[in-house]
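# Commentary on secondary and tertiary structure
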Amino acid sequence: MKLEINKMQLSDLEQISDKLQQEFDDFWTPNILKQELENKNKLNSYYIVAKQNHEIVGFAGIIKVIDEIHIMNIVVKKDKRNKGIGSDLLKEIINISTKLQSKAITLEVNENNEPAIKLYKKYGFNQVGLRKKYYNNTDNAILMTLTVKKS
Ligand SMILES: CC(C)(COP(=O)(O)OP(=O)(O)OC[C@H]1O[C@@H](n2cnc3c(N)ncnc32)[C@H](O)[C@@H]1OP(=O)(O)O)[C@@H](O)C(=O)NCCC(=O)NCCS
């Protein structure tokens, strides 16, 4: 089924804000996402949303820090996983990073999050570090990075 990826609007967030935890398993609260979209905190952040037949099936957020892009989150609706949507979101992030002439894309991922680690490795991300007890003072975070090719 055709997937459309666009910049996330506040109206998109309204569609999913009461489903974020249950259907997307996302750890961000609607309020934080709303602030990000309204850019109240003046961060250089950018959200994209993936839709199939007008249904929101995934989204991702990035932040530009000098010449690097940091992936804040990438989430696919639970019942739509393993169908390539996460890959399409990640490919779009890589495209955006190329257009912005960023040198690298960085991220942190829970070392127990096998699907996400495999997704990132599939697109060429490498582990560059480890943050001990980064999540809830328990789980370690793997730091990964991808060098962005020049367009
Ligand atoms: C991580 C996530 C975004 C992947 O999205 P997805 O749409 O299921 O991913 P894709 O279908 O594009 O799969 C791409 C690759 O990821 C890996 N992968 C995806 N799901 C997997 C699973 N359940 N187990 C192992 N590997 C998996 C595979 O390598 C896969 O490539 P392959 O199909 O060629 O084997 C999704 O699982 C998710 O939303 N997880 C919860 C939120 C999260 O943890 N985000 C990451 C925060 S850092």
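Everything quoted here is computed from the prediction, not taken from an experiment. (Residues numbered from 1 in each chain as written. Predicted model: local features only at pLDDT ≥ 70, side-chain atom pairs only at ≥ 80, totals over all residues. Heavy atoms only, no water.)

### Side note on the overall build of the protein
Cut-off, in case you're wondering: We count a stretch as a helix when DSSP gives it H or I for four or more residues in a row; a strand needs E for two or more, and each element gets its number in order from the N terminus. C-alpha atoms define the radius of gyration, and 2.2 Å times the number of residues to the power 0.38 defines the globule rule.
Counting its regular elements, the protein contains 5 helices and 7 strands. Listing each helix as α and each strand as β along the protein from the N terminus yields β-α-α-α-β-β-β-α-β-α-β-β. Taking 15 Å as the expected radius of gyration for a compact globule of 151 residues, we find that the protein reaches 15 Å, a close match to that expectation. Dimensions along the principal axes, computed over C-alpha positions, put the protein at roughly 40 × 35 × 35 Å.

### Looking at the site of the ligand
Using the following cut-off: Definition of nearness: a residue and a molecule or strand are near each other if at least one heavy atom of the residue lies within 4 Å of the molecule or strand. Distance and chemistry together define a polar contact, namely a pair of N or O atoms within 3.5 Å, with one atom able to donate a hydrogen and the other to accept it when in protein, and with adjacent residues in sequence counting only for side-chain atoms on both sides. Accessible surface is estimated by sampling points in the Shrake-Rupley manner with a 1.4 Å probe; for residues, cover comes only from the protein chains shown. We place a 1 Å grid over just the protein atoms. Points where a 1.4 Å probe fits but has no way out form a cavity, open points with protein on both sides within 12 Å along at least 5 of 7 lines form a pocket, and any residue with an atom within 4 Å of a point lines it. What decides whether a molecule sits in a cavity or pocket is whether more than half of its atoms lie within 2 Å of the grid points. Any residue outside Ala, Val, Leu, Ile, Met, Phe, Trp, Tyr, Cys, Pro, Asp, Glu, Lys and Arg is labelled polar, Gly included; the first ten of those are nonpolar and the last four are charged.
Taken together, 19 residues lie near the ligand, and Asn82, Gly86, Ser87, Asn113 and Lys122 sit nearest. Here an oxygen atom of the ligand and a side-chain polar atom of Arg81 are 3.3 Å apart. Contact distances for the ligand include 2.5 Å between an oxygen atom and a side-chain N or O atom of Ser87. In isolation the ligand offers 920 Å² of accessible surface; the protein chains occlude 75% of this area. When each cavity is represented as a set of grid points, the ligand is found to reside in the largest pocket. Elements supplying a minimum of two residues to the shell around the ligand: strand E4 (68-76), helix H4 (85-99), strand E5 (104-110) and helix H5 (114-122). Per element, the largest residue contribution to the shell around the ligand is 6 residues, and it comes from H5. Of the residues contributing to the shell around the ligand, the split by class is 9 nonpolar, 5 polar and 5 charged.

### A few points about the sheet that holds strand E3 (residues 55-65)
As a general point, the strands of a sheet are linked pairwise by backbone hydrogen bonds and lie either parallel or antiparallel. To keep it simple, the criterion reads: When DSSP locates at least two bridges between a pair of strands, those strands are taken to pair. Axis angles are defined between N-to-C directions and span 0 to 180 degrees, where every axis is a line fitted to C-alpha atoms and, for a helix, only to the segment in contact. We call two residues contacting when some pair of their heavy atoms lies within 4.5 Å.
Read from one edge of the open sheet, 7 strands run E1-E2-E3-E4-E5-E7-E6, paired in mixed fashion. Both edges of this open sheet fall to strand E1 (4-7) and strand E6 (126-135), since each of them pairs with a single strand only. When strand polarity is set aside, the average angle formed by the axes of neighbouring strands in this sheet is 25°. Note: E3 against E4, 8 bridges, orientation antiparallel. If you follow Val65 over to E4, its bridge partner there is Glu68. Set on the sheet, H4 makes contact with E1, strand E2 (45-52), E3, E4, E5 and strand E7 (139-147); between it and E4 the angle comes to about 160°.

### Notes on the layout of surface pockets
Worth spelling out the cut-off: Grid points are joined across faces, edges and corners, and a volume is the space filled by probe spheres set on the points.
Reported here for the largest pocket is a volume of approximately 1200 Å³. The wall of the largest pocket is formed by 35 residues, among which Ile74, Val75, Asn113, Ala116 and Tyr120 lie closest to the centre. At the level of secondary structure, the elements contributing two or more residues to the lining of the largest pocket comprise E4, H4, E5, H5 and E6. It is E4 that contributes the most residues to the lining of the largest pocket, 7 residues altogether. Residue composition of the lining of the largest pocket, by class: 18 nonpolar, 9 polar and 8 charged.

### Topic: the side chain of Asn110
Mapped onto the elements, Asn110 comes out in strand E5. A polar contact is formed between the side chain of Asn110 and the side chain of Asp139, at a distance of 2.9 Å. Setting aside chain neighbours within four positions, we find Asn110 in contact with Ile117, Tyr135, Asp139 and Asn140.

### Some remarks on the packing of aromatic side chains
Here is the rule we go by: Only centres within 6.5 Å qualify two rings of Phe, Tyr or Trp (six-membered ring in Trp) as a pair; their planes then separate them into stacked at under 30 degrees, edge-to-face at over 60, and tilted for everything else.
All told, the structure shown has 3 aromatic pairs when counted by the stated rule. A centroid spacing of 5.0 Å and a plane angle of 90° characterise the contact between Tyr134 and Tyr135, whose relative ring orientation is edge-to-face.

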